[in-house]
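# Structural description and commentary
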Amino acid sequence: MTDTPVKQQNTAAFYGQAVASFALALGAVTVGILRLDANAWVRGFLGIAVLYLTTSAFTLAKVVRDRQEAGQIVSRVDQARLEKILAEHDPFQKL
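Presented here is a report on the structure given in the accompanying data block. In this text, all values refer to a predicted model and were calculated from it rather than measured experimentally.

For the protein chain, the helix and strand inventory stands at two helices and zero strands. A burial count over the protein chain gives 2% of its 95 residues as buried. On the protein chain, roughly 9000 Å² of surface is accessible, and the fraction owed to carbon and sulfur atoms is 65%.

Here we come to the side chain of T54. Within the secondary structure layout, T54 lies in helix α2 (residues 40-88). There is a polar contact of 2.8 Å between the side chain of T54 and the backbone oxygen of V50. Setting aside residues up to four positions removed in sequence, T54 forms contacts with F22 and L26.

What follows deals with the packing of aromatic side chains. Following the criterion strictly, the structure yields one aromatic pair and no others. On the basis of an interplanar angle of 70 degrees and a centroid distance of 5.4 Å, the ring pair of F22 and F58 is categorised as edge-to-face. Here the residue F22 occupies a position in helix α1 (residues 12-34), and F58 occupies one in helix α2, the gap between them amounting to 36 residues. On the basis of relative accessible area, F22 is assigned to the partly exposed category, the value being 37%.

A separate point is the environment of T54. Exposure remark for T54: the relative accessible area of 18% places this residue in the buried category. Linking T54 and L26, residues 28 residues apart in sequence, is a C-alpha distance of 8.8 Å.

Moving on, we get to the pattern of salt bridges. Under the counting rule described, the total for this entry stands at two salt bridges. Between D66 and K62 there is a salt bridge whose closest N-O contact spans 2.6 Å. Note that D66 and K62 are positioned in helix α2 at a spacing of four residues, about one turn of the helix. The partner of R65 in a salt bridge is D66, and the shortest N-O contact between them spans 3.1 Å. Owing to a relative accessible area of 42%, R65 belongs among the partly exposed residues under this scheme. Assessed through its relative accessible area of 29%, D66 is described here as partly exposed. Linked by salt bridges that have partners in common, K62, R65 and D66 make up one network.

A few words on a nonpolar patch on the surface. On the surface, L36, W41, F45 and L46 cluster together into a nonpolar patch covering about 450 Å² of accessible area. Considering the arrangement of structural elements, one finds L36 in the loop between α1 and α2. Accessibility expressed as a relative area gives 35% for L36, which makes it partly exposed.

So, how was this worked out
- Residues numbered from 1 in each chain as written.
- Predicted model: local features only at pLDDT ≥ 70, side-chain atom pairs only at ≥ 80, totals over all residues.
- Heavy atoms only, no water.
- Helix = DSSP H or I, 4+ residues; strand = E, 2+ residues; numbered from the N terminus.
- Buried < 20%, exposed > 50% of the residue type's maximum accessible area, 1.4 Å probe, protein only.
- Areas by Shrake-Rupley, 256 points an atom, 1.4 Å probe, with all protein chains shown as cover.
- Polar contact = N/O pair within 3.5 Å; in protein donor to acceptor, adjacent residues only side chain to side chain.
- Contact = heavy atoms within 4.5 Å.
- Phe/Tyr/Trp six-rings, centres within 6.5 Å; stacked < 30°, edge-to-face > 60°.
- Salt bridge = Lys/Arg side-chain N within 4 Å of Asp/Glu carboxyl O.
- Patch = residues over 30% accessible without salt bridge, like charges linked within 9 Å, V, L, I, M, F, W, Y side chains within 5 Å.

Okay, structure coming up:
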């Protein structure tokens, strides 16, 4: 009588859309920086800023995912303990 949570998986289309969207956005920003009417050091600064923002976004997404997965594991352990206690409990046993 245990309810196992359904593992949610992304479809290939969703994964492809996410990758394509990321590549398109990064490409558009790169072209915009390269065609910017500014000194080379300004374009270099903006390029480094975009790379820093990108790595920070990936790190943030990983941290959020890890925290969510840790919460799910704790929830499953607590559920398993509760089920064990309920299975071992005999309401007709004398106290």
